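If you want the building blocks of each chain, they are given just below.
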Amino acid sequence: EIKIGVVDFQRIYSSSDGGKKIEAEMSCQLKAMRNDLQKQKDELDELASRYERESAIMDKGVREEKQRELRIKSNDLQTENKRYEGKMQDLQRSLMSQLRRELGRVIDKVAKEQGYTIVLDSQVVYYRIDAIDLTDQIIPLITAAFVRVD
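Quantities reported herein were computed from a predicted structural model and do not represent experimental measurements.

Draft legend 1. View of the packing of helix α2 (residues 17–54) against helix α3 (residues 60–114). At a minimum axis separation of 10 Å, α2 and α3 run at an interaxial angle of 180 degrees. Looking at the two axes, α2 sits roughly antiparallel to α3. Residues that form the contact of α2 with α3 fall into these classes: 17 nonpolar, 8 polar and 9 charged.

Below, the structure written as structure tokens:
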């Protein structure tokens, strides 16, 4: 006899402590990166403002040097922004991979214990009855798994 189950990964992600920890870590990292970028932008804005105020009285050489400095700082800010975006994507991939590995272990355990032949992500299933949804059983188990990981 074939026994099929489904799990709703999105609901597990949003309801389990594992998913909440990922969100908290992402939020913390994002806040730190935004603060750093804002600091750099404020410094650039201050330089630009100072340049605007003083450019009329600067020697041509000094003015060109200040313009070059502004271009460099602007490019540095853009580069740092792209670097942070990549870093956030890497972090998200890493954390999601960790959650999926733990989820795989938990689903494997539940499926074997309850005799399921196959367990699918609910997003790939067009129709199902609620009786085969294992999500509510999985959420506390994945939460417990993440408590052990910490």
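Draft legend 2. Highlighting the environment of T135. Structurally, T135 is set in helix α4 (residues 135–149). In this structure T135 comes out as buried when scored by relative accessible area, which is 0%. Sequence separation of T135 and R11 is 124 residues, and the distance between their C-alpha atoms is 7.6 Å. Setting aside chain neighbours within four positions, we find T135 in contact with V6, V7, D8, R11 and I12. At 2.7 Å, the side chain of T135 and the backbone nitrogen of D8 are in polar contact.

Draft legend 3. The arrangement of the pattern of salt bridges in detail. What the rule picks out here adds up to 14 salt bridges. The partner of R50 in a salt bridge is E46, and the shortest N-O contact between them spans 3.7 Å. Residue R50 and its partner E46 are located together in helix α2, separated by 4 residues, close to a single helical turn. Note on R50: relative accessible area 33%, which makes it partly exposed. Note that K66 is salt-bridged to E69, the shortest N-O span being 3.9 Å. Pair noted here: K66 and E69 are both in helix α3, with a separation of 3 residues, about one helical turn. Given a relative accessible area of 31%, K66 falls into the partly exposed group. Look at the salt bridges and you will find they share partners, linking R11, R128, D133 and D136 into a network.

Reading guide: rules and limits
Residues numbered from 1 in each chain as written. Predicted model: local features only at pLDDT ≥ 70, side-chain atom pairs only at ≥ 80, totals over all residues. Heavy atoms only, no water. Axes fitted to C-alpha atoms, helices over the stretch in contact; angles between N-to-C directions. Helix = DSSP H or I, 4+ residues; strand = E, 2+ residues; numbered from the N terminus. Parallel < 35°, antiparallel > 145°, perpendicular 65-115°, else oblique. Nonpolar A, V, L, I, M, F, W, Y, C, P; charged D, E, K, R; others polar. Buried < 20%, exposed > 50% of the residue type's maximum accessible area, 1.4 Å probe, protein only. Contact = heavy atoms within 4.5 Å. Polar contact = N/O pair within 3.5 Å; in protein donor to acceptor, adjacent residues only side chain to side chain. Salt bridge = Lys/Arg side-chain N within 4 Å of Asp/Glu carboxyl O.

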